[in-house]
Amino acid sequence: MTRDRDWLLLFAVYFAFHAVWRLALGPSLELDEAEAMYFARAFHWGYGPQPPLHFWLQNVAFGLIGETRFALAALRTLLLGLAVTGIFTLFRQDCGVRQSAAAALSLGTIPQIVWTGQIALTHSILLLCMIAWTLVVVRRTAASDRFAWYPVLGAVAGFGVLSKPNYFFFLASLALAVVTMPALRRAFRPRGLLVALAVALAILAAPAWWIWSHPVLAASSADMFQTRAGGAVPGLIAAAGFLAEFFWLCAVVMVVFLIFWRAPGRRPDWRGPLATLLARTG
């Protein structure tokens, strides 16, 4: 396939099929699905330790489809489709159709996305989607002379923060990467960045007020970062477990990378602006 729309249609068909296939797995709900089914029945500025954006979107899906398992599956697969499309769009700015499609399909080498993400996750899938489109908008804003991209940048950043707390780490890494790339840094207008910041803060104002008003509920899962037994040994065991899980999730990615790295032929340009931005952000 050599046309953009062919790949986008393929993505749409796959995720539409998967939304239906999810229903065949049985009537039970996964943990994240049950949480969404409970909280998303009403609109609030906050619900608990997780930011509210996914529950807002799920509330809209419930209003359109009904409070059903299909509404849960439909939103998740829509977000996955948008995430894959975002990766495709990001690489399409610099690469050919096939290279961009390969980059989008590479998400299938991550078990948390290709398996767990398609049957259980909620906020993490929204986070992936927001990260992909944040990168797209950042590059579009830098490359365009249109000032209108700056409010879009602020909106994407604001809603990204409302997707999952992990987005803060991504946003900080992305900002540091932009600062260390002189050509990219000079492409942004200071006045435009102030407008983007104002839009982001406006989006975050009400949820931030909710957190301020409900500190105990907003921090109700903070104990998950603490070990239940004192001392250095439990901390080291927890750190080792985290690293083992990280390398296990990345194992397929590493194998695929080594295969392509050792394969004969032209290697990809790791010094291009997109590759540099992704490497420094990661």
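Keep in mind that what you see is a predicted model, and the values were worked out from it rather than measured.

Colleague: Kindly report on the pattern of salt bridges, identifying the contributing residues and their values.
Modeller: Evaluated as defined, the whole model comprises 5 salt bridges. Residues Arg3 and Asp6 are paired through a salt bridge, measuring 3.2 Å at the closest nitrogen-oxygen approach.

Colleague: Give me the lowdown on the nonpolar core, citing residues and values where you can.
Modeller: Across soluble globular proteins, you tend to see nonpolar side chains buried next to one another. Ranked by size, the top nonpolar core spans 59 residues in total, and within it Phe88, Tyr167, Leu174, Leu184, Phe188 and Leu277 carry the most contacts. Counting residues per element, this core draws most heavily on helix α7 (residues 123-143), which supplies 12 residues. When near neighbours in sequence (up to four residues on either side) are disregarded, Leu184 contacts Ala142, Val178 and Leu277.

Colleague: Could you give an account of the packing of aromatic side chains, with specific residues and numbers?
Modeller: Inspection of the entire model under this criterion finds 12 aromatic pairs. With centroids separated by 5.4 Å and ring planes inclined at 75 degrees, the aromatic side chains of Phe43 and Trp45 adopt a geometry described as edge-to-face. Overall, Phe43 belongs to the partly exposed group, its relative accessible area being 46%. Note on Trp45 and Trp56: the rings are 5.8 Å apart at their centroids and 80 degrees apart in plane angle, and the pair reads as edge-to-face.

Colleague: Describe the side chain of Thr89, and please don't skip the residues or the numbers.
Modeller: Mapped onto the secondary structure, Thr89 falls in helix α4 (residues 69-92). Thr89 sits in the buried class, given a relative accessible area of 18%. Those residues in contact with Thr89, other than ones at most four positions away along the chain, are Trp133, Val136 and Arg140.

Colleague: How would you explain the packing of helix α8 (residues 149-161) against helix α11 (residues 190-213) if you had to name every residue and give the values?
Modeller: Two numbers describe how α8 lies on α11: the axes approach to 7 Å, and their chain directions differ by 35 degrees. Relative to α11, α8 is oriented so that their crossing is right-handed. Seen from α8, the contacting residues are Tyr150, Pro151, Leu153, Gly154, Ala155, Gly158, Phe159 and Val161; seen from α11, they are Gly192, Leu193, Val195, Ala196, Val199, Ala200, Ile203 and Leu204. A class-by-class count of the residues in the contact of α8 with α11 yields 13 nonpolar, 3 polar and no charged.

So, how was this worked out
- Residues numbered from 1 in each chain as written.
- Predicted model: local features only at pLDDT ≥ 70, side-chain atom pairs only at ≥ 80, totals over all residues.
- Heavy atoms only, no water.
- Salt bridge = Lys/Arg side-chain N within 4 Å of Asp/Glu carboxyl O.
- Core = buried A, V, L, I, M, F, W, Y, C linked by side-chain atoms within 4.5 Å.
- Buried < 20%, exposed > 50% of the residue type's maximum accessible area, 1.4 Å probe, protein only.
- Helix = DSSP H or I, 4+ residues; strand = E, 2+ residues; numbered from the N terminus.
- Contact = heavy atoms within 4.5 Å.
- Phe/Tyr/Trp six-rings, centres within 6.5 Å; stacked < 30°, edge-to-face > 60°.
- Axes fitted to C-alpha atoms, helices over the stretch in contact; angles between N-to-C directions.
- Left-handed = near helix turned anticlockwise from the far one by under 90°.
- Nonpolar A, V, L, I, M, F, W, Y, C, P; charged D, E, K, R; others polar.

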